[in-house]
Structures are given as C-alpha cells and as structure tokens.
Amino acid sequence: MAQAEELYSAGQYAKAQDIFKDLAENTANSAILAERARYMQAECRFARGHLPEAVDIYHKLLLDFPTGAHRREACARMFEISDYWLNDFREELK
C-alpha cells in the first residue's frame, strides 16, 4: 500500500492504479485496506482524466462498502464528475 501511495504522490497514477486494484481485489486483505485501495484506484482514474471509469470504481466502492470511511468523498467526486458532464448541456440551453 505504501508503495502505491508513493507512486500516487509522485504523479505516477497508472502504476499506482494497478497496485491499488490488486490490493482491493485481494480478499486476504482487511476490509479497511481493501476499501482504501478501491478509493485510491478511483482517484487514480480521476487524476488521469478517465472519468467514466472513475465513476464505475467509485460506484463499486459504494456497493462494496456502503457505510465505509470513503463514502462521503466518493459521493462528492461522483457529483463533481456529473456536474462537469452537465456543462455541455448547460451551454446548449443558453
């Protein structure tokens, strides 16, 4: 986990994302670690501009950990992405 977080901090989102995904999907890991890894996997996608994939991962996080520690951040990020997607529509309305 520490290695993936260092990669994330260094801006190497693609490499970090792969490690976070492996950690999140490893059922031998604790729920706390798996939840954090899933959230960070989504954050990597978001940072890379892969918004549809990020939303999918945030959604999976909310399904797997509905009352988890990262629920608020995941919901806020999904709202931020949805709001961004609506900008084109808002422009059409003008």
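Look up: the structure comes first, before these words.
Before going into details, it helps to say that this report is about the structure given with it.

So, the overall build of the protein
- When helices and strands are counted, the protein shows six helices and zero strands.
- Along the protein, from the amino end to the carboxyl end, the secondary structure elements read α-α-α-α-α-α.
- Seen along its three principal axes, the alpha-carbon backbone of the protein occupies a region of about 50 × 30 × 15 Å.
- Buried residues in the protein amount to 33% of all 94 residues.

Considering a nonpolar patch on the surface
- A contiguous nonpolar surface patch, about 320 Å² in accessible area, is contributed by Leu86, Phe89 and Leu93.
- On the secondary structure map, phenylalanine 89 appears in helix H6 (residues 87-93).
- Residue phenylalanine 89 is classed as partly exposed on the basis of its relative accessible area, which comes to 46%.

Section: helix H2 (residues 13-25)
- Here H2 spans 18 Å end to end across 13 residues, near enough to the 18 Å set by a 1.5 Å rise per residue.
- What H2 keeps buried is the set Ala16, Gln17, Phe20, Leu23 and Ala24. Viewed along the axis of H2, the buried residues span an arc of 130 degrees, placing them on a single side of the element. Of the exposed residues in H2, the ones pointing more than 90 degrees away from its buried face are Lys15 and Asp22.
- Contacts made by the buried residues of H2 are with helix H1 (2-9) and helix H3 (31-47).

So, how was this worked out
Residues numbered from 1 in each chain as written. Predicted model: local features only at pLDDT ≥ 70, side-chain atom pairs only at ≥ 80, totals over all residues. Heavy atoms only, no water. Helix = DSSP H or I, 4+ residues; strand = E, 2+ residues; numbered from the N terminus. Buried < 20%, exposed > 50% of the residue type's maximum accessible area, 1.4 Å probe, protein only. Patch = residues over 30% accessible without salt bridge, like charges linked within 9 Å, V, L, I, M, F, W, Y side chains within 5 Å. Areas by Shrake-Rupley, 256 points an atom, 1.4 Å probe, with all protein chains shown as cover. Salt bridge = Lys/Arg side-chain N within 4 Å of Asp/Glu carboxyl O. Expected span 1.5 Å × (residues − 1). Arc of directions from axis to C-beta. Contact = heavy atoms within 4.5 Å.

Everything listed here is a matter of geometry and, on its own, says nothing about what the molecule does.
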